[in-house]
Amino acid sequence: MVRRVAVIGAGAGGLASVKWCLEEGLEPTCFESSEDIGGVWRYTDSTDSRRISVYHSVITNTSKEMSCFSDFPFPEDFPNYLPHSLILEYLRMYARHFDLLRHIRFQTRVLSVRKCPDFTTSGQWEVVTEADGVRESHIFDAVMVCIGHYQEPHLPLASFPGIESRFKGQRMHSWEYRDVQDFRGKRVLVVGIGNTGGDLAVELSRVAAKVFLSIRSNTWVVSRVSKNGFPLDMVSTTRFNHLLEWLLPSALTRRIKFRKFNSWFNHTNYGLASSKSSKFKMIINEELPFCLLSGTVVLKPNVKEFTESSAVFKDGTTEENIDVVLFATGYNFTFPFLEESVRSTIDDNRSLYKRVFPPQLEKPTLAIIGLIQLTGSIMVGSEMQARWVTGIFAGWNKLPSPSKMTAEVVKRRPPVKRNPSERENLKMSFISYMDEIAACAGVKPRVLRLLLTDPQLALAIFFGPCSPYQYRLVGRGRWSGARAAILTQWQRALKPLRTRVVDDSSNSSSSWCWMCLLALPAALTASFLLSKYPQPSWSPWAGPQV
């Protein structure tokens, strides 16, 4: 019987885990190595502690309505896309509202998590911590590891001959970057075009003498601003779109997507992507196309080698007088405190049952929260994981046997191991993964039933944004405010824009309602199909994330 739960980390995933432990009547103790909550969202100017945090100018890639905890919307006057300061303020509000802080032990580092001698029968763990130089040993019935995947900078220097032996300029990883001040007037090479690489290239172009952006994969660039000025994820992440992606052939889906991406600007002309390629990634960046068009950022292929002051590229071109090489090459995850017998089995999240549980354990009392890459908000996905896990710890939900979980992991796992820089291709579909975990927890929304009992809500769920509130309509943890939150989400998205109101007598709501009513038969069919047939849990091209 699980009662006492250790939660490691007080970022977004850790806070959600503490909250859901309390909801299930468990007794959580959260260990946080720093002096405050927030995880990567708590910005600091210093890199001395090697604590990973966001850079100063970061803005979320997912909107507030698609990124909030499922029973705690962002304040309506918050902007749709948020700087780190407002994310941290929101997390503080969440912690205060649910009285989570008293369960957190700050400046307490976890040194080791090991199975107790009687683990096969008790499932208990010995957790050794250190605070103010004093070590303590604790026994817990279960452990939730909530340190995410931004843990150790991935710096593949071996892939760039000469960077260590010949290059005389400065080299650094993006985790060390805070703002533009140290780059003024310099010639900078940014290696890697994930969301971070694109953001930093754009920001540096405002002060640097020249910025070069080296990429090796086809990349589609999209804007956070979508149809009619609404946030991209609110328009694109819908159950209706998800159904179309499932029904249509993948080749046709890609063709439609590529055509839509190219309607903004021709990616082939810019050297970013070709519609003929089947391997690609997608990033969110409104400013990069203009920087390329104006020449403040110059796109280059992958680096072949470095000399003392220059970079030689795979196409044979050379850029001289490079002052700084900035690697935006992602992160590795590591769990140094876990005992070797457990740590050695976790190659990546595909080694985990449902990306959460190490399947080989005799007792399922260890859960990894937030080690996911979704096409939507990781914060929302982490909360769903925590909700499911605490239900299992409390005895409401059950897991298959270790042998069955292992078999499923082996079946789903690709035969080829990818390196961390390719993790973009392993992003899972937000709706598919959320529905999968929600079904396990017994909280997946029942669209077909709602069409008969509450058609207004059903239409909003099926055609509108797949926001977190949808997963609080049924099952344990049902929230009485979920329906109202769903039906008012568009108003909250518009609220921060109403700083100057102009008259507009046009009203498109009636046409939208007619469209939804005409699509009722499709929605009915879709709900039936999606409940009867399996859906792909991953997507190689879709969407943004926090």
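These figures come from a predicted structure and were not determined experimentally. (Residues numbered from 1 in each chain as written. Predicted model: local features only at pLDDT ≥ 70, side-chain atom pairs only at ≥ 80, totals over all residues. Heavy atoms only, no water.)

Draft legend 1. View of unusual backbone geometry. Positive phi values are uncommon outside glycine, yet Gln107 reaches one of about 50°. Mapping Gln107 onto the fold places it in the loop between strand 3 (104-105) and strand 4 (109-115). According to the relative accessible area criterion, Gln107 is partly exposed, its value standing at 48%. At Arg355, a position not held by glycine, the phi torsion is positive, near 65°. (Helix = DSSP H or I, 4+ residues; strand = E, 2+ residues; numbered from the N terminus. Buried < 20%, exposed > 50% of the residue type's maximum accessible area, 1.4 Å probe, protein only.)

Draft legend 2. The sheet that holds strand 6 (residues 134-140), seen in detail. One open sheet holds the 3 strands; their spatial order is 4-5-6, and the pairing between them is antiparallel. Strands at the two margins of the open sheet, each flanked by one partner only, are strand 4 and strand 6. Sheet twist, expressed as the mean angle between neighbouring strand axes with direction ignored, is 20°. Bridge analysis of strand 5 (residues 125-131) against strand 6 gives 7 bridges, and the strand direction is antiparallel. Looking at strand 6, one finds that Thr129 is bridged to Glu136. (Pairing = 2+ DSSP bridges. Axes fitted to C-alpha atoms, helices over the stretch in contact; angles between N-to-C directions.)

Draft legend 3. Here's a closer look at the pattern of salt bridges. Inspection of every chain in the model, using the stated rule, returns 25 salt bridges. For Arg92, the salt bridge goes to Asp36, with nearest N and O atoms at 2.8 Å. Placement of Arg92 in helix 3 (residues 84-97) and of Asp36 in the loop between strand 2 (27-31) and helix 2 (64-67) is noted, with a sequence separation of 56 residues between them. Two residues, Arg102 and Asp99, come together in a salt bridge whose shortest N-O distance is 2.7 Å. Judged by its relative accessible area of 39%, Asp99 falls in the partly exposed class. Within this structure, Lys19, Glu23, Asp71 and Arg472 form a network of salt bridges that share partners. (Salt bridge = Lys/Arg side-chain N within 4 Å of Asp/Glu carboxyl O.)

Draft legend 4. Examining the side chain of Arg51 more closely. Topologically, Arg51 is positioned in the loop between strand 2 and helix 2. One buried charge, Arg51, has no salt-bridge partner; the nearest side chain with opposite charge is Glu35, at 6.2 Å. Polar side-chain contacts of Arg51 include one of 2.5 Å to the backbone oxygen of Arg42. Those residues in contact with Arg51 that sit more than four places away from it in its chain are Ser34, Gly39, Arg42, Tyr43, Thr44, Trp175 and Arg178. (Lys, Arg positive; Asp, Glu negative; His and termini not counted. Polar contact = N/O pair within 3.5 Å; in protein donor to acceptor, adjacent residues only side chain to side chain. Contact = heavy atoms within 4.5 Å.)

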